[in-house]
Amino acid sequence: MKLEKMDAFFSARLDGYDKHMRTEIEGAEEFYPYTASLLPKEEGMNILDLGCGTGLELEDYFVSGGKAKIVGIDLSQDMLTALKNKFVGKEIELYCASYFDVPFGIRRFDAAVSVESLHHFKPAQKLGLYAKLASALSDVGYFVLTDYFAESENAERFYFSESERLKREQQLDPNTFYHYDTPLTVDHEIELLTQAGFFEVRLMKRWGNTCTLFSRR
Ligand SMILES: C[S@@+](CC[C@H](N)C(=O)[O-])C[C@H]1O[C@@H](n2cnc3c(N)ncnc32)[C@H](O)[C@@H]1O
């Protein structure tokens, strides 16, 4: 299996991406609207979307009457262009960048959301990101994470060792993001979020390997 750079991987699959996500990922018909339903709806609210892609979670958010201002970050300009074309007239600010690099500001957001994006990274990378995110949320802010999780610790270890093996064999730059799924178990993700400064981290719902976690700042 030849690993592809993260942004190129998603750009190359843009055609048919929305249909694939909505119809071939277990639980997608429920987890997108469910995730959107947990976000604040009122005008004047600010929501940060990490790895917004083509904005599937935002489609459900706007359909349900959401009026917050959205800041979306994604590595793939092609995904962002598709998002922009869907939501003409909505208050959305987009950054084509890595969420590990973009400063989020302090107490700037009422909520943050991320769907099917963060399962590509190591715990050490996520810990810094989650600490930055916690600081960017208001005192009553929260983070809704809907993502793909490993079914066991053995599976988690296997994904990480395979990822390292493939990168080594293909002599890839360790500082570049390549697409390979390395999900954590729900328990490990909860530990990480707690360690980063979130509290009341709760598993809200599960659909196969996708779960929604809700974390208060
Ligand atoms: C499977 S898609 C999910 C997109 C959208 N949230 C959804 O559920 O349809 C994962 C997205 O995360 C983005 N992504 C991956 N790593 C990223 C990073 N470090 N910074 C920003 N975006 C990233 C990818 O470019 C891709 O668009």
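A few points about the pairing of strand β5 (residues 137–148)
So, point 1. Among the twelve residues that make up β5, nine are buried, leaving the element largely enclosed by the rest of the structure.
So, point 2. With six bridges joining them, strand β4 (residues 109–115) and β5 adopt parallel strand pairing. Along β5, the bridge assignment pairs Val-115 with Thr-146.
So, point 3. This β-α-β element, β4 to helix α6 (residues 123–136) to β5, shows right-handed connectivity.
So, point 4. Here seven bridges tie β5 to strand β7 (residues 210–216), and the two strands are oriented antiparallel to one another. When the sheet's bridge partners are listed, Tyr-142 is paired in β7 with Arg-216.

Here's the deal with the nonpolar core
So, point 1. Grouped together as the largest cluster of nonpolar side chains are 49 residues, with contacts concentrated most on Ile-47, Ala-111, Ala-112, Leu-137 and Phe-143.
So, point 2. Element by element, the count of residues in this core is highest for β5, at six residues.
So, point 3. Leave out the neighbours within four places in its chain, and Ala-112 touches Ile-47, Leu-48, Leu-50, Leu-133, Leu-137 and Phe-143.

Observations concerning the site of the ligand
So, point 1. In the vicinity of the ligand, 23 residues are found, and the nearest of them are Gly-51, Gly-53, Leu-56, Val-115 and Ser-117.
So, point 2. Looking at the shell around the ligand element by element, the count peaks at three residues for helix α1 (residues 6–12).
So, point 3. Grouping the constituent residues of the shell around the ligand by class yields twelve nonpolar, seven polar and four charged.

Side note on the environment of Val-144
So, point 1. Within the secondary structure layout, Val-144 lies in strand β5.
So, point 2. For the pair Val-144 and Asp-49, spaced 95 residues apart in sequence, the C-alpha to C-alpha distance is 9.6 Å.
So, point 3. Setting aside residues up to four positions removed in sequence, Val-144 forms contacts with Thr-35, Leu-38, Leu-39, Ala-111, Val-113, Thr-212 and Phe-214.

Concerning the pairing of strand β1 (residues 46–50)
So, point 1. Counting buried positions over the five residues of β1 gives five, a clear majority of the element.
So, point 2. Burial along β1 is two-sided: the residues Asn-46, Leu-48 and Leu-50 and Ile-47 and Asp-49 are all buried.
So, point 3. As defined by bridge partners, β1 adjoins strand β2 (residues 69–74) across five bridges and the pair is classed as parallel. Note on β2: the bridge partner recorded for Asn-46 is Lys-69.
So, point 4. For the segment spanning β1, helix α4 (residues 56–63) and β2, crossover handedness is right-handed.

How each quantity is defined
Residues numbered from 1 in each chain as written. Predicted model: local features only at pLDDT ≥ 70, side-chain atom pairs only at ≥ 80, totals over all residues. Buried ≥ 20, exposed ≤ 12 C-beta atoms within 10 Å, placed from the backbone. Helix = DSSP H or I, 4+ residues; strand = E, 2+ residues; numbered from the N terminus. Pairing = 2+ DSSP bridges. Right-handed = clockwise from strand over helix to strand, strands pointing away. Core = buried A, V, L, I, M, F, W, Y, C linked by C-beta atoms within 7 Å. Contact = placed C-beta atoms within 7 Å. Near = placed C-beta within 6 Å. Nonpolar A, V, L, I, M, F, W, Y, C, P; charged D, E, K, R; others polar.

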